[in-house]
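Spelled out, the chains give:
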Amino acid sequence: MTDIVILGAKGRMGTMLINRTLADESLNLVGACERKGHADGLNYECAVSDCLEELLPNVPGAVIVDFTAPEASVAMAKTAAKHGNPAVIGTTGLNPEQQAELAESAKKTPIFWAPNMSVGINVLLKIMPLLVQALGESYDMEVVETHHRMKKDSPSGTALKLAQVLAEARGWVYDDVKKHCRDGIIGERPQKEIGVQTLRGGDVVGEHTMFFFGPGERIEVTHRAHSRETFAAGALRAAKWLARQKPGKLYSMADIF
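Note that the coordinates shown come from a computational prediction; the quantities given were computed from them, not determined experimentally. Sequence order sets the numbering: in each chain, residues are counted from 1 along the sequence as written. The model is predicted, so local features are restricted to residues of pLDDT at least 70 and side-chain atom pairs to those at 80 or more, both for listing and for counting; the totals for chains, interfaces and linings are taken over all residues. Note that water and hydrogens are dropped before the side-chain values are worked out from all heavy atoms of the structure.

J.: Could you clarify how one ought to interpret the side chain of His 147 in this entry?
T.: Runs of H or I in DSSP of at least four residues are treated as helices and runs of E of at least two as strands, each being numbered from the N terminus. Secondary-structure assignment places His 147 in strand E7 (residues 140–147). Contact definition: two residues touch when any of their heavy atoms are within 4.5 Å. Not counting the four nearest positions on each side in its chain, His 147 is found in contact with Ser 156, Leu 199, Arg 200, Gly 201, Val 204, Val 205, Gly 206 and His 208.

J.: Help me out: how do you make sense of the packing of helix H1 (residues 12–23) against helix H8 (residues 229–242) in this one?
T.: When two helices pack together, their arrangement is given by the angle between their axes and by how far apart the axes lie. Packing of H1 against H8 brings their axes to within 10 Å, and their N-to-C directions diverge by 60°. Overall, the two elements H1 and H8 adopt an arrangement that is oblique. Classified by chirality, the crossing of H8 by H1 is right-handed. Residue-level contacts link Met 13, Met 16, Leu 17, Arg 20 and Thr 21 of H1 to Glu 229, Phe 231, Ala 232, Ala 233, Ala 235 and Leu 236 of H8. A class-by-class count of the residues in the contact of H1 with H8 yields eight nonpolar, one polar and two charged. For every element, the axis is a line fit to its C-alpha atoms; helices are fit only across the contacting stretch, and the angle between N-to-C directions ranges from 0 to 180 degrees. An angle below 35 degrees is read as roughly parallel, one above 145 as roughly antiparallel, one from 65 to 115 as roughly perpendicular, and any other as oblique. Here a crossing is called left-handed whenever its near helix is offset anticlockwise from the far helix by less than a right angle, and right-handed whenever the offset is clockwise. Following the grouping adopted for this structure description, the nonpolar residues are Ala, Val, Leu, Ile, Met, Phe, Trp, Tyr, Cys and Pro, the charged ones are Asp, Glu, Lys and Arg, and the polar ones are all others, Gly among them.

J.: In this structure, what is going on with the layout of surface pockets? I would like to understand it.
T.: The gaps left among the atoms become clear once a water-sized probe is rolled over them. Within this model, the largest pocket holds a volume of roughly 1200 Å³. Grid points spaced at 1 Å and placed over the protein atoms alone form the basis of the search, with a cavity being a set where a 1.4 Å probe fits but cannot get out and a pocket an open set showing protein on both sides within 12 Å along at least five of seven lines. Lining residues have an atom within 4 Å of a point. Lining the largest pocket are 44 residues; nearest its centre among them are Met 13, Phe 67, Thr 68, Ala 69 and Thr 91. Put simply, the parts of the chain that give the lining of the largest pocket at least two residues each are H1, helix H3 (70–83), helix H6 (157–170), strand E10 (206–214) and strand E11 (217–225). Taken together, the residues that form the lining of the largest pocket break down as 18 nonpolar, 18 polar and eight charged. Grid points are joined across faces, edges and corners, and a volume is the space filled by probe spheres set on the points. In this structure, the second largest pocket encloses a volume near 630 Å³. Along its surface, the second largest pocket is lined by 29 residues, and Trp 113, Pro 115, Gly 157, Lys 161 and Gln 164 are the ones closest to its centre.

J.: So what exactly am I meant to see when it comes to unusual backbone geometry here?
T.: With the exception of glycine, most residues fall at negative phi, and the peptide bonds are largely trans. Residue Ser 154 is joined to Pro 155 through a cis peptide bond whose omega torsion reads -10°. Note on placement: Pro 155 falls in the loop between E7 and H6.

J.: Looking at this structure, how should I read H6?
T.: At 3.6 residues per turn, the α-helix brings residues three or four places apart onto the same side. Along its 14 residues, H6 runs 20 Å from first to last C-alpha, staying within 8% of the 20 Å computed at 1.5 Å per residue. Throughout, exposure labels follow a simple rule: accessible area from a 1.4 Å probe, protein chains only, divided by the maximum for the residue type, with under 20% read as buried, over 50% as exposed, and the rest as partly exposed. Burial within H6 is extensive, with 10 of its 14 residues counted as buried. Structurally, H6 contributes buried residues whose contacts are with helix H5 (119–135), E7, helix H7 (174–177), strand E9 (194–200) and E10. After H6 finishes, the residue Gly 171 shows a positive phi value of roughly 80°. Multiply 1.5 Å by the residue count of a helix minus one, and that product is the helix's expected span.

J.: Help me understand the packing of H5 against H6 in this model?
T.: It is the contact of H5 with H6, at a shortest axis distance of 9 Å, that shows an interaxial angle of 30°. Considering the angle they form, H5 stands roughly parallel to H6. The handedness of the crossing between H5 and H6 comes out as right-handed. Of the residues in H6, those in contact with Ile 121, Leu 125, Met 128, Pro 129, Val 132 and Gln 133 of H5 are Thr 158, Lys 161, Leu 162, Val 165, Leu 166, Ala 169 and Arg 170. Of the residues assigned to the contact of H5 with H6, the class counts are nine nonpolar, two polar and two charged.

J.: Whenever I open this one, the pairing of E9 confuses me. Can you help?
T.: If a strand is regular, its side chains alternate between the two faces of the sheet. The pairing of E7 with E9 spans seven bridges and is classified as parallel. Following the sheet pairing, Thr 146 is matched in E9 by Leu 199. Following DSSP output, two strands are said to pair if at least two bridges run between them. As judged from the two bridges shared by strand E8 (residues 178–179) and E9, these two strands associate in the parallel manner. Within E9, the residue paired with Lys 179 across the bridge is Gly 195.

J.: Sorry if this is basic, but what is going on with the sheet that holds strand E2 (residues 27–33) here?
T.: Whenever strands of a sheet pair, they do so through backbone hydrogen bonds, lying parallel or antiparallel. The seven strands lie next to each other as E3-E2-E1-E4-E5-E6-E12, forming an open sheet whose pairing is parallel. Both edges of this open sheet fall to strand E3 (47–49) and strand E12 (250–251), since each of them pairs with a single strand only.

J.: What should I look at first to understand the nonpolar core in this one?
T.: Soluble globular proteins: nonpolar side chains tend toward being buried together. Counting 32 residues, the largest nonpolar core has Leu 17, Val 65, Val 88, Phe 112 and Met 117 as its most contacted members. Sorting the residues of this core by element identifies strand E1 (2–7), H1, E2, strand E4 (63–66), H8 and helix H9 (253–256) as the ones contributing at least two each. To form a nonpolar core, buried Ala, Val, Leu, Ile, Met, Phe, Trp, Tyr and Cys residues must be joined to one another through side-chain atoms within 4.5 Å.

J.: So what exactly am I meant to see when it comes to the pairing of E11 here?
T.: Looking at chain direction, E10 and E11 are connected through nine bridges and run antiparallel. Within the sheet, the bridge partner assigned to Phe 213 lies in E11 and is Arg 218. Between the antiparallel neighbours E10 and E11 lie two residues, among them Gly 216 with a positive phi of about 80°.

J.: Looking at this structure, I do not really get the packing of aromatic side chains. What am I missing?
T.: The description of two aromatic rings rests on the distance between their centres and on the angle between their planes. Stacked, tilted and edge-to-face pairs are distinguished by plane angle, under 30 degrees for stacked and over 60 for edge-to-face with tilted covering the rest, among Phe, Tyr and Trp rings (Trp via its six-membered ring) whose centres lie within 6.5 Å. Applying the stated criterion to the full structure yields three aromatic pairs. When the centroid spacing of 5.5 Å and the interplanar angle of 5° are considered together, the rings of Phe 211 and Phe 213 count as stacked. What makes Phe 211 buried here is its relative accessible area of 17%. Note on Trp 241 and Tyr 251: the rings are 5.1 Å apart at their centroids and 85° apart in plane angle, and the pair reads as edge-to-face. Highlighted residues: Trp 241 in helix H8 and Tyr 251 in strand E12, separated in sequence by 10 residues.

Shown next as structure tokens:
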């Protein structure tokens, strides 16, 4: 059985993660943590706290699951490394410096980070390079992502990861070819470019479409998340796996498949 601590326990994802943990006989909810001053109302039969530093000594080896915010996730990883607790992070919007900080913490304790915990998305990340290489360079590649109006980062971490995978399959450096916005008289589209466009509105959980525009035809590959349940399920699957791993690298979904 894998011991689990949920960070951000009162949020939408936190509540869903707790419910799924309680329903899974192979998981044991040992801790629920919220930010300072917000732990009231966490009525679970486990350790409850608004301070992770104080909670972790009581739950040695428990896997922390975190879908909070970039700054909070980086701080959590440092605390987890100090106490030797593994951590699964599903937070999006981390910049390169924050990702590097996670990698530092991962040298001391197993850390898993994925901008999208969906099994389907991570399978696409594996197989899309095959499509890119089979189609060849005459096909223009674009990514469009749609999310709910409350999402704070843009483009989504998933859209960026998908676009990076497409660029790598062509042998391109993503930062050299990315185009995150088009406006005004921009001229013809360069052949060596990948556009990533963003839509925001309503309560859309998450939708990503990769376009391949070729001579006389177009291919579209779309992934739609119908519920946040898919992200919770993926995170808890990762937690079970991570509990058996050793520190040394920042793990991702690619390490599980």
